[in-house]
Structure formats: structure tokens, C-alpha cells
Amino acid sequence: MKRYTVETVPEGTVKYYYIMDRETLDIALFPSKYLKHKAKTNLSPNTMKRYAFSLCCYLEYLAEKELDFQQVCELGFEEQSSHFTRFLYWLKEGSHTEKKKIGDADNGTCNAYLKDVFRFYLFMADCGYVSGLRVLSYGQITVTNGVGVRRTLRSKSFKGYMKAEERDVRAAQEEEIRMTLQVCTNSRDQLLLLLIAETGFRIGEILGVNYSRDIDYEKHTIGVYFREDNENMARAKNAEFRKAKISNDTFDFLLHYLAEYRDLLQHQNYLFINIAGDTAGQPLKIDSVYSMLDRAAQKTGILLTPHMLRRYFAVTRWNAKWPLELISQALGHKHLDTTIQYLGILDDKLLEASREFYAKHSTNYGIDRML
């Protein structure tokens, strides 16, 4: 059994995280102080959760190595680099979880955990709890270009991060969506999938929809609004606002859902709620959505995710000749590069452009004479 565990304490609309030592039943003081500090900086609930588990994993690693924070700070530069690099591979091997799966954690997640740990060390150094880490110092060199202008180049000393893996999430196919809809056991789950596919909203944005304020019942549109007080911790990314129009058929299905669960919905304003059990009527949470999709996958053999449905939205709109900027705005992306990666359009366009070029310019460098 792991020595450390993450615990939470709700205070109004804010959830505070702390880390407990299971052996001594003491609270890990410095990490818990840091988490309380971060909870007051308006971070998203998912980011706060990751911070807590990052530090919990690192405490577990320190316990295995029989080290404390100050001892790590007193290590030499090479020893510190080795310490944190080994922590990355410890995460990669799955040593941080009870269900150890070697290679289960992707490189990006491992790097994110280590960056969280580094932020924690910087906080402790700023507060005077420990001395600073040598691997977080900056190396710098001054160079002079051809016309005599001097420039100072700075870089962080730690170079041990793992190479980030490309995120390979494909778009859902229409037939896969249809099959999953057929095995859903209630209209709530069906409506949830339909709305993500038709709006391109993130799962946190959909779960935060207020059916009394965010839906225009005349224009058949749904809006995304940034709120920090959602009971289910759902939150719009980038503090943005945007709207999406849904089809007439889906709007009719939305009205059917509202009528079917009217008795539960009338006591609060969230569109998506728990519809059974002791928590019936309470806002639906993200974990419940993924559990529902897992159950559907057991019946269909197809595991859909909300992200795959967002990509389905993007790809179908691109195929329908929507401008790239319009798709990017609909998805709530800050940068067009993100939308381009979603669509994978550069590779397709490059191949098509190359095909057309060779069709018009049949230059073969005399290859036919070489064969």
C-alpha cells in the first residue's frame, strides 16, 4: 500500500487538497501549504487535482529513496539531475500507482508531474523553507552576431525531460456514434453525446450548461460561459464565451429529455444531472461520463471519448468547407495551429498538392531511361 494519499476538504465552492501520511496520519505540511496557496490562484479544478497527485507521487518517491526536500536541495548539480531524471522514469514505469503498468504513463504526463514538483520547490525556496535547486538555475551565454550586436541567450539547466509524444486521438466516426447512442440506457446519455458531436464543446463546458440561462430556445443555440462556482467542478477553458447552434432534431430531443426528467431538473439549473440513486438530481460529474462510455464500449467494442467527438465535429465541418478560422472559433481554440493539428489537414493538403503538381509537371529526371 502506498504511504501517501490525497485528501480534499470543500469550503464553499472551493475544494482544498492536502496530502496525508498514512503511516503517521500526519498532514504533509509543506506540500499541503503549497496546495492551499495554489487553490487561491484561480486554477482549474483539473489542474489543482494534478498538482496534488504530482506532489503525492513525488513524496512516495522520496520515501523510497529515504530523502527529504532539503537533502535534495543540497545535492550537487549532477546528482540533482540524476535524481529528477530517475523520478521521471519511476513515473513512466508505473511505480506511482497500485496497479503498476509499465509504460502506461505517457511522456507528456511524466514531464507535467515533474514541472509541478519544480514549481513546488520554487515556492518553498521563495518562502525560505529550503535552499534553491541547482537544476532550476539558468545558464547563459553572450554571443555577438555578424554586425557586432551582442545577445544574451538563457536556458534552464535541467535537460532531462522526456521527449513529448504526439497526441494521436482520432475523430469518432458517424457509425461509431450511432452504435454508441443505440446502447445508451437513457436519454440523458444520448443527449450528452449528441450535443458534444454537434457543438464541439469540451466535456467540462457541456457539464456546466445551465438549461435556464445558457440555452436560447427560440434560436436553438447553447452558450458556453465561464463560471468558477459550478457544483460539479465543470469549467469553461480560457475563461471564454461562445455559442453553438444545434440541429432541429437534436433540439426536439433536448425538449424530450427536459420533459422526461422534469421532476429532477426543476430543483436546480444544470442540464446534465444524476438520474438515479442517492445523488439523483445532483449535477453530473466528468468521472461518471467516462464510466458511462466504458460501459457502452463493453457492449459495442468501441471506446468513444468526448475528445473524439470534438474531433468529429472539427473534421465534419472541415469536410463541409467551413473556413479554418470558423472551426477554430467554434472549438474555442486560442491558436489556429491547434485546430490544424486536430484536423491533420497539413499532411492531406501536402499529399494532394504534390499529386496535382506531378500530374501537371511530369518531370522524371530521365528516370524512364534509367530503368
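Refer to the preceding data block for the structure.
Residues numbered from 1 in each chain as written. Predicted model: local features only at pLDDT ≥ 70, side-chain atom pairs only at ≥ 80, totals over all residues. Heavy atoms only, no water.

Draft legend 1. Main features of the overall build of the chain. Looking only at helices and strands, one finds 16 helices and 7 strands in the chain. Scored against the burial criterion, the 371 residues of the chain give a buried share of 43%. For the chain, contacts bridging at least 24 residues in sequence account for 56% of all contacts bridging at least 6. Only carbon and sulfur atoms are counted for the fraction: they give 50% of the accessible area of the chain, which is about 21700 Å². (Helix = DSSP H or I, 4+ residues; strand = E, 2+ residues; numbered from the N terminus. Buried < 20%, exposed > 50% of the residue type's maximum accessible area, 1.4 Å probe, protein only. Contact = heavy atoms within 4.5 Å. Areas by Shrake-Rupley, 256 points an atom, 1.4 Å probe, with all protein chains shown as cover.)

Draft legend 2. Examining the pairing of strand β6 (residues 221-224) more closely. The alternating pattern of β6 places Thr-221 and Gly-223 on one face and Ile-222 and Val-224 on the opposite face, and all of these are buried. Judged from the 2 bridges that link them, strand β5 (residues 215-216) and β6 form a sheet pairing that is antiparallel. Looking at the pairing, Asp-216 lines up with Thr-221 of β6. Across 4 bridges, β6 lies against strand β7 (residues 242-245) in antiparallel orientation. What sits directly across from Val-224, in β7, is Arg-242. (Pairing = 2+ DSSP bridges.)

Draft legend 3. Structural view of the sheet that holds β6. The antiparallel open sheet is built from 3 strands, whose spatial order is β5-β6-β7. One side of each edge strand has no neighbouring strand; the edge strands of this open sheet are β5 and β7.

Draft legend 4. Just the environment of Leu-326, in detail. Relative to the assigned elements, Leu-326 resides in helix α13 (residues 324-331). Between the C-alpha atoms of Leu-326 and Leu-336, which are 10 residues apart in sequence, the distance is 10.0 Å.

Draft legend 5. Seen up close, α13. Inspection of α13 places Leu-324, Ile-327, Ser-328, Ala-330 and Leu-331 among the buried residues, and these make up the whole buried set. Down the axis of α13, the buried side of the element spans an arc of 165°, and every buried residue falls inside it. Remark: Gly-332 follows α13 within two positions and exhibits a positive phi of approximately 80°. (Arc of directions from axis to C-beta.)

Draft legend 6. How the structure looks around the packing of helix α6 (residues 174-183) against helix α11 (residues 286-300). Running from N to C, α6 and α11 point in directions that differ by 105°, and their axes come no closer than 9 Å. The pairing of α6 with α11 is recorded here as roughly perpendicular in orientation. Packed against α6, whose contacting residues are Met-179, Thr-180 and Val-183, the element α11 presents Ala-296, Lys-299 and Thr-300 at the interface. For the contact of α6 with α11, the class distribution of residues is 3 nonpolar, 2 polar and 1 charged. (Axes fitted to C-alpha atoms, helices over the stretch in contact; angles between N-to-C directions. Parallel < 35°, antiparallel > 145°, perpendicular 65-115°, else oblique. Nonpolar A, V, L, I, M, F, W, Y, C, P; charged D, E, K, R; others polar.)

Draft legend 7. Quick peek at the packing of aromatic side chains. Within this structure, the stated rule accounts for 24 aromatic pairs. Ring centres 5.5 Å apart and planes at 65° place the aromatic pair Tyr-34 and Phe-120 in the edge-to-face group. You can see Tyr-34 sitting in helix α1 (residues 29-39) and its partner Phe-120 sitting in helix α5 (residues 107-126), a full 86 residues away along the chain. Assigned by exposure class, Tyr-34 and Phe-120 land together as buried. Measuring from centroid to centroid gives 6.1 Å for Phe-313 and Trp-322, while their planes differ by 90°, and the two rings are edge-to-face. (Phe/Tyr/Trp six-rings, centres within 6.5 Å; stacked < 30°, edge-to-face > 60°.)

Draft legend 8. Structural detail: the pattern of salt bridges. A full pass over the atoms with the stated rule returns 10 salt bridges. Across the pair Asp-116 and Arg-50 runs a salt bridge, and its minimum N-O distance is 2.8 Å. With Asp-116 in helix α5 and Arg-50 in helix α2 (residues 45-65), the pair connects residues that are 66 residues apart, well separated along the chain. Note on Arg-50: relative accessible area 29%, which makes it partly exposed. Among the salt bridges present, the one from Glu-175 reaches Arg-178, with a minimum N-O distance of 2.6 Å. Taken as a pair, Glu-175 and Arg-178 lie in helix α6 at a separation of 3 residues, close to a single helical turn. (Salt bridge = Lys/Arg side-chain N within 4 Å of Asp/Glu carboxyl O.)

Draft legend 9. Broad picture of the side chain of Arg-310. Within the element layout of this structure, Arg-310 appears in helix α12 (residues 306-319). Buried charge without a partner: Arg-310 forms no salt bridge, and the closest opposite charge is Glu-205, 4.7 Å away. If near-sequence neighbours (up to four positions away) are discounted, Arg-310 is found in contact with Ile-196, Gly-200, Phe-201, Arg-202, Arg-242, Leu-331, His-333 and Tyr-342. (Lys, Arg positive; Asp, Glu negative; His and termini not counted.)

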